[in-house]
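Chain and residue survey
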Amino acid sequence: MLALGRSKKAHWFQARRQGVTELDAWSRRAFIAGYNCVTKDVRGPFYRSLRGGADILEKSVIDWADANPF
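Since the structure is predicted, the reported quantities are computational estimates derived from the model, not experimental observations. All chains use their own residue numbering, which begins from 1 and follows the written sequence. Predicted model: local features are reported for residues with pLDDT of at least 70 only, side-chain atom pairs are reported and counted for 80 or more only, and whole-chain, interface and lining totals are derived from all residues. Neither water nor hydrogens contribute to the side-chain values; these are computed over all heavy atoms in the structure.

1. Overview of the pattern of salt bridges
Keep this limit in mind: In the sections that follow, a salt bridge refers to a side-chain nitrogen of Lys or Arg positioned within 4 Å of a carboxyl oxygen of Asp or Glu. Only DSSP runs of H or I covering at least 4 residues are called helices, and only runs of E covering at least 2 are called strands; the numbering of each starts at the N terminus. With a 1.4 Å probe rolled over the protein chains alone, any residue whose accessible area is under 20% of its type maximum counts as buried; one over 50% counts as exposed, and the rest are partly exposed.
Taken as a whole and judged by the stated rule, the model has 5 salt bridges. For the salt bridge of D55 with R29, the shortest nitrogen-to-oxygen distance reads 2.9 Å. Pair noted here: D55 is in the loop between helix 4 (40-51) and helix 5 (56-67) and R29 is in helix 3 (residues 25-34), with a separation of 26 residues, a long-range link. Judged by its relative accessible area of 33%, D55 is partly exposed. When the shortest N-O distance is used, the salt bridge between D63 and R51 registers 2.9 Å. Note that D63 is positioned in helix 5 and R51 in helix 4, a separation of 12 residues in sequence. For R51, a relative accessible area of 29% translates into the label partly exposed.

2. Examining the nonpolar core
If you look at soluble globular proteins, the nonpolar side chains tend to sit buried side by side. For clarity, the cut-off: Remark: nonpolar core denotes a set of buried residues (Ala, Val, Leu, Ile, Met, Phe, Trp, Tyr, Cys) joined through side-chain atoms within 4.5 Å. By the convention used here, residues are in contact when the closest approach between their heavy atoms is within 4.5 Å.
Core analysis: the biggest nonpolar cluster contains 15 residues, and Y35, F46 and Y47 have the highest contact counts within it. Of all elements in the fold, only helix 3, helix 4 and helix 5 reach the threshold of two or more residues within this core. Sequence-distant contacts of F46, that is, excluding residues within four places in its chain, are made with R17, V20, F31 and Y35.

Below is the structure:
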């Protein structure tokens, strides 16, 4: 997932964002980090939607990913 993000495969992430809750913890974090290849106007609402149910590590990944887009 990180490689897909670095390759800027935004369409792959957008097609799968609804299933992020079904991923295991580490895959979910990788998805969140890779999702930062999506444009800011799309990733902002997605990241905000995840914050409510995120643990402290996921919140850190969200903060990092939002500040450091691929």
